[in-house]
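Take a look at the letters that make up each chain.
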Amino acid sequence: MAIWYNLLQNKTDRKNEVRKECVLFFAKWPEKGKVKTRLARDIGSDHAVNLYRCFILDLAETLKKLSQDVIVCYSPKNAEPMFRSWLGDQFSYFPQSDGDLGMRMKKSFVQAFEKKYDRAVLIGSDCPDLTQKVLEQAFVELTNANAVIGPAADGGYWLIGFQVSGFCPPVFEGISWSTETVFAETMKKFTQKKINAAVLPKYMDIDTITNLREWHERHEPSFGCAFHTRSYIKSMK
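With that settled, consider the nonpolar core. Leu-63, Phe-83, Leu-135, Trp-158 and Leu-159 are the most contacted members of the largest nonpolar core, which totals 51 residues. In terms of residues, this core owes the most to one element, helix α3 (residues 45-63), which gives 10 residues. When residues no more than four places from it in sequence are discounted, the contact partners of Leu-63 are Val-23, Phe-25, Val-70, Phe-91, Ile-123 and Leu-135. Formed by 29 residues, the second largest nonpolar core is a distinct cluster that contains Phe-26, Ile-149, Phe-167 and Val-182.

Structure representation (structure tokens):
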């Protein structure tokens, strides 16, 4: 609580500064048997880890186009040299903290705001078709709203973000993570805490073989969208 109180006290000192914005990109090191485990049951561990690598590559290419800073929040904690060697020095790197998903996300926001960012949004690595436009839209929404959230087709969310003055740590507490009620529970928290949250378009996480088929059918005719992922899926046929 003391840390967060100090951050709020310091916000008035920054009002004449250029507003700083960042994307917190949550990613696991793509290790066989450690990522996309539900998908691996149907397509095998080799295909699952290779697809996950493609997800990260596609998202990294999109994130490089943004004017905002990008911070790769990586797991496990010893993975920074591997990520830095793979994705390059254009990004910054934070290790994810211990705890459940909510605790790890909450601490990443605290860390970003301690580094004097005024707005921060967090995304995962399960939606390789996120576009520059929709990510920029999240920051536009934060000019008027305290928070922003992007619902996922499975009942979770693919993005969440805050202005520093609207950051609400309780939205990460007491949530039934990895269930179809995550988005609804989070929106309820926003309402309870009187947080004005803008809602972005819905996207699909690729977690199962059904998700993969639906995603591919929707994007097969597309050009310029998630090139690495689409190419790998095509090679699996």
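On we go from here.
Let us now look at the packing of helix α8 (residues 209-219) against helix α9 (residues 227-236). Close contact between α8 and α9 brings their axes to 11 Å; oriented N to C, the two are set at 110°. Between α8 and α9, the interaxial angle falls into the category roughly perpendicular. Contact residues: α8 offers Leu-212, Trp-215, His-216 and His-219, while α9 offers Thr-229, Arg-230 and Ile-233. Taken together, the residues that form the contact of α8 with α9 break down as three nonpolar, three polar and one charged.

Let us look at the confidence of the model for the protein chain. Residues at a pLDDT of 70 or more form 91% of the protein chain, whose mean pLDDT is 92. Here residues 1-5 scores under 50 on pLDDT; set against residues more than four positions off or in separate chains, the count is five contacts. Scored below 50 in pLDDT, residues 11-16 shows seven contacts in the model against residues more than four places distant or in partner chains.

Okay, the sheet that holds strand β3 (residues 92-95) next. Adjacent strands of a sheet form backbone hydrogen bonds with each other and so pair up, either parallel or antiparallel. One open sheet holds the seven strands; their spatial order is β3-β2-β1-β4-β6-β5-β7, and the pairing between them is mixed. Either end of the sheet is taken by a strand with one partner, and the two such strands are β3 and β7 (197-199). Averaged over all neighbouring strand pairs, the angle between strand axes comes to 20°, with direction disregarded. Inspection of the sheet shows strand β2 (residues 69-75) paired to β3 by four bridges, in the parallel sense. Bridge pairing in β3 links Ile-71 to Ser-92.

Relative to the helices and strands, Thr-62 is located in helix α3. Among the residues examined, Thr-62 registers a relative accessible area of 11% and is labelled buried. Here Thr-62 is in contact with Leu-130, Thr-131, Gln-132 and Leu-135, once residues within four sequence places are set aside.

This structure, assessed with the given rule, holds 15 aromatic pairs. Aromatic pair Phe-162 and Phe-172: ring centres 6.1 Å apart, planes at 65°, arrangement edge-to-face. Pair noted here: Phe-162 is in strand β6 (residues 157-163) and Phe-172 is in the loop between β6 and α7 (182-192), with a separation of 10 residues, a long-range link. For the residue pair Phe-162 and Phe-172, the accessibility class agrees, reading buried in each case. In textbook terms, an aromatic cluster arises when at least three aromatic residues are bridged by ring pairs, as seen for Phe-109, Phe-113, Phe-162, Phe-167, Phe-172 and Phe-190. It is Lys-20 that lies over the ring of Tyr-117; its NZ or CZ is 4.7 Å from the centre.

Conventions we followed
Residues numbered from 1 in each chain as written. Predicted model: local features only at pLDDT ≥ 70, side-chain atom pairs only at ≥ 80, totals over all residues. Heavy atoms only, no water. Core = buried A, V, L, I, M, F, W, Y, C linked by side-chain atoms within 4.5 Å. Buried < 20%, exposed > 50% of the residue type's maximum accessible area, 1.4 Å probe, protein only. Helix = DSSP H or I, 4+ residues; strand = E, 2+ residues; numbered from the N terminus. Contact = heavy atoms within 4.5 Å. Axes fitted to C-alpha atoms, helices over the stretch in contact; angles between N-to-C directions. Parallel < 35°, antiparallel > 145°, perpendicular 65-115°, else oblique. Nonpolar A, V, L, I, M, F, W, Y, C, P; charged D, E, K, R; others polar. pLDDT = per-residue confidence, 0-100. Pairing = 2+ DSSP bridges. Phe/Tyr/Trp six-rings, centres within 6.5 Å; stacked < 30°, edge-to-face > 60°. Lys NZ or Arg CZ within 6 Å of the ring centre and 35° of its normal.

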